[in-house]
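What the coordinates show
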Amino acid sequence: QVQLVESGGGLVQAGGSLRVSCAASGRTLSGYRMAWFRQAPGKEREFVATISWTGDSTDYADSVKGRFTISRDNAKNTVYLQMNSLKPEDTAVYYCAASTIVWATKNKSQYNYWGQGTQVTVSS
């Protein structure tokens, strides 16, 4: 069983930066594909970014490509999402997710474990 805890959310002005983290406990994240999703009020939870367990393969939603960077430190059992050039439309609860499926992609049903989320609010 993997427990995921997100942190680092907060309020930031448009154009600013924020880094959210996801710390795992229970077992090592090695071997798990990791991802970030987000959910804005009244909207479906949507894919943001994913990273392979080795860290050498990443993929991003078109809406964040070039602005967000996903990374991981397996020694620290932590995954990060660096968010730059933030926009008001990035406002959402950001969730960390882990998958035992090596080839898991953007489909949230492929992810077995979820954190409780961290709020990111971007003011205009």
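Basis of the calculations
Residues numbered from 1 in each chain as written. Predicted model: local features only at pLDDT ≥ 70, side-chain atom pairs only at ≥ 80, totals over all residues. Heavy atoms only, no water. Helix = DSSP H or I, 4+ residues; strand = E, 2+ residues; numbered from the N terminus. Rg over C-alpha atoms; globule rule 2.2 N^0.38 Å. Buried < 20%, exposed > 50% of the residue type's maximum accessible area, 1.4 Å probe, protein only. Areas by Shrake-Rupley, 256 points an atom, 1.4 Å probe, with all protein chains shown as cover. Lys, Arg positive; Asp, Glu negative; His and termini not counted. Charge placed at Lys NZ, Arg CZ, Asp CG, Glu CD. Pairing = 2+ DSSP bridges. Disulfide = S-S within 2.5 Å. Phe/Tyr/Trp six-rings, centres within 6.5 Å; stacked < 30°, edge-to-face > 60°.

1. Thoughts on the overall build of the chain
- Scanning the chain from terminus to terminus reveals zero helices and 11 strands.
- The linear arrangement of helices and strands in the chain, starting from the amino end, is β-β-β-β-β-β-β-β-β-β-β.
- A globule of 124 residues ought to have a C-alpha radius of gyration of about 14 Å, and the chain, at 13 Å, matches this closely.
- The C-alpha extent of the chain, read off along each of the three principal axes, is 40 × 25 × 25 Å.
- Residue burial in the chain is summarised as follows: out of 124 residues, 45% are buried.
- For the chain, the exposed area adds up to about 6,100 Å²; of that, 48% sits on carbon and sulfur atoms.
- Measuring between centres, the 13 positive side-chain charges of the chain sit 2 Å from its 9 negative side-chain charges.

2. Examining the pairing of strand 4 (residues 33–39)
- The buried fraction of strand 4 amounts to six of the seven residues, a majority that puts the element mostly inside the structure.
- One ladder, built from seven bridges, connects strand 4 with strand 9 (residues 92–99); its direction is antiparallel. Bridge pairing links M34 to A98 in strand 9.
- The sheet contact formed by strand 4 and strand 5 (residues 46–51) spans five bridges and is antiparallel. Counterpart to F37 in the pairing with strand 5 is F47.
- Hairpin connection of strand 4 to strand 5: six residues between the antiparallel strands, including G42 at a positive phi of 75°.

3. A look at the environment of K43
- Relative to the elements of secondary structure, K43 occurs in the loop between strand 4 and strand 5.
- For K43, a relative accessible area of 59% corresponds to the exposed category.
- Taking the C-alpha atoms as reference points, K43 and N84, separated by 41 residues in sequence, lie 22 Å from one another.

4. Here we look at the state of the cysteines
- Throughout the structure, instances matching the rule amount to one disulfide.
- Disulfide partner of C22: C96, at an S-S distance of 2.1 Å. On the S-S bond that ties C22 to C96, the torsion sits near -75°, and the link is left-handed. With C22 in strand 3 (residues 18–25) and C96 in strand 9, this pair connects stretches of sequence that are 74 residues apart. The same class applies to C22 and to C96, which are both buried.

5. Brief notes about the packing of aromatic side chains
- Taken as a whole, this structure holds five aromatic pairs when the rule is applied.
- Ring geometry for Y32 versus Y113: centroids 6.1 Å apart, planes at 65°, classification edge-to-face. Within this pair, whereas Y32 is found in the loop between strand 3 and strand 4, its partner Y113 is found in strand 10 (residues 113–114), the two being separated by 81 residues in sequence. Per residue, the accessibility class of Y32 equals that of Y113, and both read buried.
- For the ring pair F37 and Y111, a centre distance of 5.3 Å and an interplane angle of 75° mean the geometry is edge-to-face. Note that F37 is positioned in strand 4 and Y111 in the loop between strand 9 and strand 10, a separation of 74 residues in sequence. Assigned by exposure class, F37 and Y111 land together as buried.
- Grouping aromatic residues by their ring pairs yields a cluster made of F37, F47, Y111 and W114.

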